[in-house]
Protein chains: 2
Amino acid sequence: MKKALEGVKILDFSRVLAGPYCTMLLADMGAEVIKVERPGSGDDSRHFGPYQKGESAYYSLLNRGKKSIEINLKDEQDLEIIRNLIREVDIVVENYRPGIMEKFGLDYDSVKALNPNIIYTSISGFGQNGPYKERPAYDLVAQAMGGMMSITGYEHTPPTRTGSSLGDMSAALFATYGTLVALFHKERTGEGQFVDVAMMDSIVAMLETNVLQNTVAGINPGRVGSRHPLSTPFDAYRVKDGYIVIAIANNPLFEKLCHIMEQPELIEDERFTTDELRTSHEQELKVIIENFLSSYTVEEAESMLLDAGLPASRIQSIEEVVQDEQMKVREMLVDIEHPIAGKMTLVGNPAKLSATPADPSNAPPMLGEHNTVFKK
Amino acid sequence: MKKALEGVKILDFSRVLAGPYCTMLLADMGAEVIKVERPGSGDDSRHFGPYQKGESAYYSLLNRGKKSIEINLKDEQDLEIIRNLIREVDIVVENYRPGIMEKFGLDYDSVKALNPNIIYTSISGFGQNGPYKERPAYDLVAQAMGGMMSITGYEHTPPTRTGSSLGDMSAALFATYGTLVALFHKERTGEGQFVDVAMMDSIVAMLETNVLQNTVAGINPGRVGSRHPLSTPFDAYRVKDGYIVIAIANNPLFEKLCHIMEQPELIEDERFTTDELRTSHEQELKVIIENFLSSYTVEEAESMLLDAGLPASRIQSIEEVVQDEQMKVREMLVDIEHPIAGKMTLVGNPAKLSATPADPSNAPPMLGEHNTVFKK
């Protein structure tokens, strides 16, 4: 099968999550990614669980389809190999703290001196400039500093981290976007450039219109749990054996819900006649809805509401997602054949391209697997 | 200033959030985005708050730098205009429910018949195939079905929605990635293709290694609030006037923390001698840390910990983010000049490219502002 990024060469100094996810997205599309790893131990994530036959599934997901060379960045001979590789590649990706690549003589300016048309993508916690650039950054810190935690969770809970590493993942996606834009420009003009992406900036972008609540409306938005701040009933509701979500933002759908609940009198109830009124009486309406739903299971409630044409769904656990027929059809779970661990089930690629589909089924490299190819 | 996507033409049928964010990222980089809007009322998001002088800031953020034409997709004359535009553009983007574009004769196959090399990007709740493809999809439903809610929040709270529209935003980013990969392929080969991105798939991808907890380790991960499931102390902690986060995953940093707390005896405490032990005694350690922090303000605690070289930070509200000096330096807040609302402060673009920087400072179009250009 044709690959869109066939022939695009990437020298990848990145470790753990944000950088590797970016280069994984490019490898899935056919780029040749040469991953630079510390001799002996490799990327830290080789030692992150879960493991299958002693092999890290964490590492495997993020590094499938890449090549691995062991390089000691403090060794002059190894650095010479790196400098030669830099002359041959299109893109360098790194996610060290600002200043570290400079110590190795591998900052953008040095790399550009070796390869004037290079694209050089740096992913960091706070970016390459500004008062925070030297601060230690973890996903938790990015979610905290970027404001996402302050609007996630309930009024009565502390600010809450989103359950996955949103700071890393969003930075990976914006870095992929920036790198692909730069690659398109390089293809047309030959010119390379520096691409600088920060986890904190990425989290702030992911806030979308929440930021405007402050810059335009002067509000400092708080935490409202799973409910919609302006529309009701639009929330997670308790049923007999769990929770479901209902997403109703207009009168016709609300009227349907009242009929399903066999409480048509609620339609005329002066607390509930408009979306705005329902929102100001949100708690009272929630009690009514949960009373009604308390005799239904998740499955019963979901089909009842969907059959009536109401936007609603169960809230799936990770296990339910993994077993979901939709995920099979969408190829969102892919098996790779790991040389040691055997068949391992990883997450697929959500961009479904018809002519040049992603291939997420390649194995990750063993540490130094490609030493003999590149370290000659 | 040079723009990387100069000359790239996009016909944009998308509405509200996911599709418009995707084409906004492309417009920021210089693509010409012609937005197709319903005559008279336009994109629904023109009527979403917050407003400035009656103009939607929501719409402005998502549609800056685009052009607007009013088109009735049920009107044969208007459809003829659209068919002519399709022949001239590189990319079509839409986020209707699967089947709707077909009703207008504007599905991929019909569009491809008009322009064989077109890139056609569809963003939907569940994708163009599979048992859920017809289901109504809102961000809340995508976060619920995709498993993200099940791992966000606390053990004692219901599954929790992330505070921003992660289903829309992640789909927008994966669609941008897919579209740019397709654009690179088209630049090199002339060939277009279909790009199909689903909100549910995108949420599942954003789960990152959480999925592997199930596929590889057989665990069904639950909700652990803001803490790290494997490392401690790695959580949000209460201080005198709010919360801070601390992110410690190894012994040397834990020892530093014990010295700061003037409780060096904790280093030898058999409950806390390894990261694993600290995690199994997580609640006890939290009480000790919060007792210590209770006499410090957020500001005091943050500088004390950062000065000692510990990864820690305050948890910023949206207002604090907006006023953060780092965000000014990083140009993550940009002023546009809106023809009616005047100066409006929107969110910047997190991909900082040196040679072809994004320009996020263009005004959004008034409804039908470019009718006379394109409807001739």
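Where an unreviewed UniProt entry is consulted, chain A appears under the name CoA transferase, with the organism given as Savagea serpentis.

K.L.:
Before we go on, may I ask you to explain the overall build of chain A in this structure?
P.N.:
Each helix and strand counted, chain A has 17 helices and 14 strands in total. Principal-axis analysis of the C-alpha atoms places the extent of chain A at approximately 80 × 50 × 40 Å. For chain A, the residues scored as buried account for 64% of the 376 residues in total. When contacts within chain A are restricted to residue pairs at least 6 apart in sequence, long-range pairs at least 24 apart make up 69% of them. In chain A, 37 side chains carry a positive charge and 54 a negative one; their mean positions are 7 Å apart.

K.L.:
In this structure, what is going on with the state of the cysteines? I would like to understand it.
P.N.:
Should the sulfur atoms of two cysteines be covalently bonded, the bond is a disulfide. In the structure shown here, the tally under the stated rule is 0 disulfides over all chains. Among the cysteines around C22(A), which has no disulfide bond, C22(B) carries the closest sulfur, lying 17 Å off.

K.L.:
Help me understand the sheet that holds strand β9 (residues 234-239) of chain A in this model?
P.N.:
Working definition: the strands of a sheet are paired by backbone hydrogen bonds and lie parallel or antiparallel to each other. Residue and element names in this part refer to chain A. Taken in spatial order, the 3 strands make up an open sheet running β9-β10-β11, and their pairing is antiparallel. Strands with a single pairing partner mark the edges of an open sheet, and in this sheet they are β9 and β11 (312-314). Pairs of neighbouring strands in the sheet enclose a mean axial angle of 25°, with direction left out of account. Pairing geometry for strand β10 (residues 242-247) and β11, over 3 bridges, is antiparallel. The residue bridging I246 from the neighbouring strand is A312, located in β11. Contacts between helix α13 (residues 282-293) and the sheet are confined to β9 and β10, with β9 contributing the most and set at about 40° to the helix. The strands that helix α14 (residues 298-307) touches are β9, β10 and β11; relative to β10, the one it contacts most, it runs at about 15°.

K.L.:
How should the relation of the copies chain A and chain B be read in this particular structure?
P.N.:
Once turned by 180° and shifted 0.0 Å along the axis, chain A lies on chain B with an RMSD of 0.0 Å. The superposition of one copy onto the other is thereby described by a two-fold rotation axis. The share of interface residues of chain A whose copies in chain B are also at the interface is 100%, consistent with both copies meeting through the same surface.

K.L.:
I keep staring at the interface of chain A and chain B and nothing clicks. Help me out?
P.N.:
When the parts come together, some accessible area is lost, and that loss is often what is quoted as the size of the interface. Taken together, the contact pairs 136 residues of chain A with 136 residues of chain B. When the buried surface of chain A facing chain B is broken down by residue, Y177(A), F184(A) and I318(A) rank first, second and third, together holding 7% of it. In this structure, the connection of chain A to chain B is made through 8 salt bridges. Of the charged contacts in the structure, one is a salt bridge between R330(A) and D201(B), with a shortest N-O distance of 2.8 Å. Ranked by residue count, the leading element in the side of chain A that touches chain B is helix α7 (residues 166-189) of chain A, at 16 residues. Of the residues assigned to the side of chain A that touches chain B, the class counts are 77 nonpolar, 39 polar and 20 charged. Strand direction decides the pairing type here: strand β8 (residues 193-198) of chain A and strand β14 (residues 352-353) of chain B, joined by 2 bridges, are antiparallel. In the strand pairing of β14(B), D196(A) is matched with K352(B).

K.L.:
How should the packing of aromatic side chains be read in this particular structure?
P.N.:
Two descriptors summarise a pair of aromatic rings, namely the distance from one centre to the other and the angle between the planes of the rings. Applying the stated rule across the entire model yields 18 aromatic pairs over all chains. Ring geometry for F292(A) versus Y296(A): centroids 5.2 Å apart, planes at 45°, classification tilted. Residue Y296(A) is classed as partly exposed on the basis of its relative accessible area of 24%. In textbook terms, an aromatic cluster arises when at least three aromatic residues are bridged by ring pairs, as seen for Y108(A), Y120(A) and F194(A). Over the face of the ring belonging to Y59(B) we find R46(B), whose NZ or CZ atom lies 3.9 Å from the ring centre. Geometry around F254(B) places R278(B) over its ring, the cationic atom sitting 4.4 Å from the centre.

K.L.:
How do you make sense of the pattern of salt bridges when you look at a structure like this?
P.N.:
Pairing between side chains becomes possible if they bear opposite charge and their charged atoms approach one another. Using the criterion set out here, one finds 44 salt bridges over all chains in the structure. Between D196(B) and R330(A) there is a salt bridge whose closest N-O contact spans 2.7 Å. Here the residue D196(B) occupies a position in strand β8 (residues 193-198), and R330(A) occupies one in the loop between α16 (325-329) and β12 (333-338), the pair thus bridging two chains. The two residues D196(B) and R330(A) agree in class, both being buried. The partner of D324(B) in a salt bridge is R314(B), with the nearest N and O atoms 4.0 Å apart.

What counts and how
Residues numbered from 1 in each chain as written. Chains lettered and ligands numbered in written order. Predicted model: local features only at pLDDT ≥ 70, side-chain atom pairs only at ≥ 80, totals over all residues. Heavy atoms only, no water. Helix = DSSP H or I, 4+ residues; strand = E, 2+ residues; numbered from the N terminus. Buried < 20%, exposed > 50% of the residue type's maximum accessible area, 1.4 Å probe, protein only. Contact = heavy atoms within 4.5 Å. Lys, Arg positive; Asp, Glu negative; His and termini not counted. Charge placed at Lys NZ, Arg CZ, Asp CG, Glu CD. Disulfide = S-S within 2.5 Å. Pairing = 2+ DSSP bridges. Axes fitted to C-alpha atoms, helices over the stretch in contact; angles between N-to-C directions. Least-squares fit on C-alpha atoms with pLDDT ≥ 70 in both. Buried area = accessible area lost by both parts, 1.4 Å probe. Salt bridge = Lys/Arg side-chain N within 4 Å of Asp/Glu carboxyl O. Nonpolar A, V, L, I, M, F, W, Y, C, P; charged D, E, K, R; others polar. Phe/Tyr/Trp six-rings, centres within 6.5 Å; stacked < 30°, edge-to-face > 60°. Lys NZ or Arg CZ within 6 Å of the ring centre and 35° of its normal.

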